[in-house]
Amino acid sequence: MLQKKITIAIDGFSACGKSTLAKDLAKKLNYIFVDSGAMYRGVALYCLENNLIVEGQPLIEKIIEHLNHIRLEFKTIDQQSLLFLNGKDVSTEIRENAVANVVSKVATIKEVRQKLVSEQQKMGEKGGIIMDGRDIASVVFPNAELKLFVTADTKIRTQRRLDELKSKGIESSFEEVEENLKERDYIDSTRAESPLIQVADAIVLDNSNLNREEQLAWVLEQIEKL
Ligand code: DC
């Protein structure tokens, strides 16, 4: 096993188990885990709460003016990583459909990305971090020692997200979740500002037919080879 604390960047489509993998790896390696998508969701929630989204469209200029009032912090409580927005725990609210439906649009705004990328880079200054998202290997940590690009079949991803929402008490239909995943994947991979891409030195993990333990074991094998 590695002596030095490295940086692990995990990118991929929506709901393909990136955060689950990142959490499992962080526990195993005793590293910091950061779900960067939660931060974009936190900004989207702030926008919804402050009427900065009208008929599903973000009011870009106004959102930029508000950016200095948006304070996001992760706190670990009872071994769970919770997201606080301006001092309030919003970990459950950011998973609601209302947020999922607008977050990709909010994440296209250059100034939003600049703010969050700079905060993410600060979190990773000392290494020993595992971050998952869409632009982690390409923009946030281009020098990460391990870059993973995670993918899985759309129907399998939909079922996993549906199960996750159910476990949080959030009701949704298969069709609604599938539609949302497809729309977000499209926006995330075609936007002008740091779109989701598979960088040249990324290792691809298709976990369609792997369970949680199997995917963890596979990644640990990759780490052994570094
Ligand atoms: O990982 P997630 O599904 O919770 O992310 C929510 C949205 O945030 C996703 O649709 C795109 C955006 N996002 C992003 O643009 N860049 C990241 N590093 C992480 C998420």
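Residues numbered from 1 in each chain as written. Predicted model: local features only at pLDDT ≥ 70, side-chain atom pairs only at ≥ 80, totals over all residues. Heavy atoms only, no water.

**So, the site of the ligand**
Rule in force here: The near set for a molecule or strand comprises every residue that places at least one heavy atom within 4 Å of it. Polar contact is the term for a pair of N or O atoms within 3.5 Å; when the atoms are in protein, one must be able to donate a hydrogen and the other to accept it, and sequence-neighboring residues count only if both atoms are side-chain atoms. Calculation of accessible area relied on Shrake-Rupley with a 1.4 Å probe; when residues are assessed, cover is drawn exclusively from the protein chains displayed. Helical segments are the DSSP runs of H or I of at least four residues, strand segments are the runs of E of at least two, and each set is numbered from the N terminus. Polar here means any residue outside two lists: the nonpolar Ala, Val, Leu, Ile, Met, Phe, Trp, Tyr, Cys and Pro, and the charged Asp, Glu, Lys and Arg; Gly therefore counts as polar.
In the vicinity of the ligand there are 16 residues, among which R41, R113, D135, R184 and R191 approach most closely. The contact in question runs from a nitrogen atom of the ligand to an N or O atom on the side chain of D135, over 2.8 Å. Taking R184, its side chain carries an N or O atom lying 2.8 Å from an oxygen atom of the ligand. Taken by itself the ligand offers 440 Å² of open surface, and the protein chains cover 98% of this. Counting residues per element, the ones that place at least two in the shell around the ligand are helix 2 (36-49), helix 4 (97-106) and helix 8 (174-190). Of all the elements, helix 2 adds the most residues to the shell around the ligand, at four residues. Each residue belonging to the shell around the ligand can be placed in one class, and the counts come to four nonpolar, four polar and eight charged.

**A look at the side chain of S194**
The cut-off we apply is this: Contact between two residues is taken to exist if any of their heavy atoms lie within 4.5 Å; hydrogens are not considered.
By the secondary structure assignment, S194 is in the loop between helix 8 and strand 10 (203-206). Among the polar contacts made by the side chain of S194, one reaches the side chain of R113 at a distance of 3.0 Å. If we ignore the near neighbours within four places in the chain, the residues touching S194 are R113, D135 and V139.

**Things to note about the pattern of salt bridges**
Our working definition: For salt bridges, the criterion is a side-chain nitrogen of Lys or Arg within 4 Å of an Asp or Glu carboxyl oxygen. Partly exposed describes any residue whose relative accessible area lies between the buried limit of under 20% and the exposed limit of over 50%, with all areas from a 1.4 Å probe on protein chains only and scaled to the type maximum.
One pass over the full model with this rule turns up 15 salt bridges. Residue R161 pairs with E164 through a salt bridge whose shortest N-O separation is 3.0 Å. On the criterion of helical spacing, the pair formed by R161 and E164 is a turn pair, its members being three residues apart in helix 7 (residues 154-167). Assessed through its relative accessible area of 16%, R161 is described here as buried.

**Observations regarding the packing of helix 7 against helix 8**
Angle between the axes and distance between the axes: these two values describe a pair of packed helices. Selection criterion: The angle between two axes is taken between their N-to-C directions and runs from 0 to 180 degrees, where each axis is a line fitted to C-alpha atoms and a helix contributes only its stretch in contact. A clockwise turn of the near helix away from the far one marks a right-handed crossing, whereas an anticlockwise turn of less than a right angle marks a left-handed crossing.
The N-to-C vectors of helix 7 and helix 8 enclose an angle of 115 degrees; their axes lie 9 Å apart at closest approach. In this structure, helix 7 crosses over helix 8, and the sense of that crossing is right-handed. Residue-level contacts link T154, K155, R157, T158, Q159, R161, L162 and L165 of helix 7 to F174, V177, E178, L181, K182, R184 and D185 of helix 8.

**So, the environment of Q114**
You can see Q114 is positioned in helix 5 (residues 110-123). Judged by relative accessible area, which is 46%, Q114 ranks as partly exposed. Placed 84 residues apart in sequence, Q114 and Q198 show a C-alpha to C-alpha distance of 20 Å.

**Digging into the nonpolar core**
To keep it simple, the criterion reads: For this analysis, a nonpolar core means a set of buried residues of the types Ala, Val, Leu, Ile, Met, Phe, Trp, Tyr and Cys, connected via side-chain atoms within 4.5 Å.
One finds V43, L72 and V112 to be the most contacted residues of the largest nonpolar core, which totals 40 residues. Breaking this core down by element, the ones donating at least two residues are helix 2, strand 6 (80-85), helix 4, helix 5, strand 8 (129-133) and helix 6 (136-140). With eight residues, helix 2 is the largest single contributor of residues to this core. Those residues in contact with V43 that lie beyond four places of it in its chain are I70, L72, V106, V112 and L116.

**Let's talk about the packing of aromatic side chains**
This is how the line gets drawn: Each Phe, Tyr or Trp ring, with Trp reduced to its six-membered ring, pairs with another whose centre is within 6.5 Å; inter-plane angles below 30 degrees give stacked pairs, above 60 give edge-to-face pairs, and intermediate values give tilted ones.
If you walk through the whole model with that rule in mind, you get one aromatic pair. Taking the centre distance of 5.9 Å and the plane angle of 85 degrees together, the rings of F13 and F149 count as edge-to-face. One end of the pair, F13, is in the loop between strand 1 (7-12) and helix 1 (18-29); the other, F149, is in strand 9 (residues 146-151), and 136 residues separate them in sequence. Judged by relative accessible area, F149 falls into the buried class, the value being 8%.

**Considering helix 1**
Which entries qualify depends on this criterion: Under the convention used throughout, the expected extent of a helix is 1.5 Å for every residue step, that is, one less than its residue count.
Given a rise of 1.5 Å per residue, twelve residues ought to cover 16 Å, and the 16 Å separating the end C-alpha atoms of helix 1 matches this to within 8%. All of the buried residues along helix 1 are K18, S19, L21, A22, D24, L25, A26 and L29. For helix 1, the elements touching its buried residues are strand 1, strand 2 (32-35), strand 8, strand 9, strand 10 and helix 9 (212-224). The positive-phi residue at the C-terminal boundary of helix 1 is N30, with phi of around 60 degrees.

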